[in-house]
Amino acid sequence: MLNQEGDIRGTLEKRESLLSHVDHTLLKAVADWPSIKKLCEEAIAYRTASVCIPPSYVERVHSAFPNLTICTVVGFPLGYHTTEVKVFEAKQALAQGASEIDMVVNLCDVKNGDFTKITNEIRAVKQVCSSHILKVIIETCYLTTEEKYSLCDCVTAGGADYIKTSTGFGDGGAMVEDVILMKKSIGSNVKIKAAGGIRTAEDINQFLSLGCDRIGSSRAVEALCSDGEV
């Protein structure tokens, strides 16, 4: 009996540790309030790092769940908003109760090789975020290896807190090789968020073991809280 209790306690502690790195996510275009509310209740119950929700829900969620850490998206999902629009989006989201911003880079600028512009945009949004966390989504599925290296430099120089693999809306999601590349290439003050296609407990364990600090997933709670899953 004591061994069984110890095993259960160990399983729960491991589960809680894993979920503390998860941004519990719902960014579907048709996300309704009952679904968002359920997401928030799960995040509180399982102590996830945050909820990641559409900007239009930030104010309502903050009012309903004032102690919940809210992450929202900027320039999402295609990234080709102007810098001024992204700055406004971030400023409004923070004023309405968001604590973290996930911003998509302008992939048009990437393909044009204008990495100075990308760095300046990241810096401008980070200035608005100040002490709040800024994660920069580079959408790795559309990038060459050299572009990935260059964007690691941009994210570092721009002062962002995280580099993030994917929106979940592109042609591909988080890949092991991309996380390994990022780990070698980002500055010491930048962390990694893996997102896109992360559905199982095994996926979550793998990306955290590679050095990711955050996981973006709509299925992490389901995956980790099913019987026997850790």
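The coordinates are above.
Okay, so let's go over this structure.

Basis of the calculations
Residues numbered from 1 in each chain as written. Predicted model: local features only at pLDDT ≥ 70, side-chain atom pairs only at ≥ 80, totals over all residues. Heavy atoms only, no water. Pairing = 2+ DSSP bridges. Helix = DSSP H or I, 4+ residues; strand = E, 2+ residues; numbered from the N terminus. Axes fitted to C-alpha atoms, helices over the stretch in contact; angles between N-to-C directions. Salt bridge = Lys/Arg side-chain N within 4 Å of Asp/Glu carboxyl O. Buried < 20%, exposed > 50% of the residue type's maximum accessible area, 1.4 Å probe, protein only.

1. Quick look at the sheet that holds strand S8 (residues 214-217)
Then step 1. Read around the closed barrel, the 8 strands follow the order S1-S2-S3-S4-S5-S6-S7-S8; overall the barrel is parallel. The sheet shows a mean angle of 25 degrees between the axes of neighbouring strands, taken without regard to direction.

2. Some points on the pattern of salt bridges
Then step 1. Scanning the model with the defined rule gives 16 salt bridges in all.
Then step 2. Among the salt bridges present, the one from Lys-86 reaches Glu-121, with a minimum N-O distance of 2.7 Å. With Lys-86 in helix H4 (residues 83-96) and Glu-121 in helix H6 (residues 115-129), this pair connects stretches of sequence that are 35 residues apart.
Then step 3. Classification of Lys-86 as buried rests on a relative accessible area of 0%.
Then step 4. Exposure remark for Glu-121: the relative accessible area of 4% places this residue in the buried category.
Then step 5. With a closest N to O distance of 2.8 Å, Glu-100 and Arg-214 form a salt bridge.

3. Description of the pairing of strand S3 (residues 70-74)
Then step 1. The buried fraction of S3 amounts to 5 of the 5 residues, a majority that puts the element mostly inside the structure.
Then step 2. Of the two faces of S3, the one carrying Ile-70, Thr-72 and Val-74 and the one carrying Cys-71 and Val-73 are both buried.
Then step 3. Of the pairings in the sheet, the one linking strand S2 (residues 50-53) to S3 comprises 3 bridges and is parallel in character. From the neighbouring strand, Cys-52 faces S3, where its bridge partner is Cys-71.

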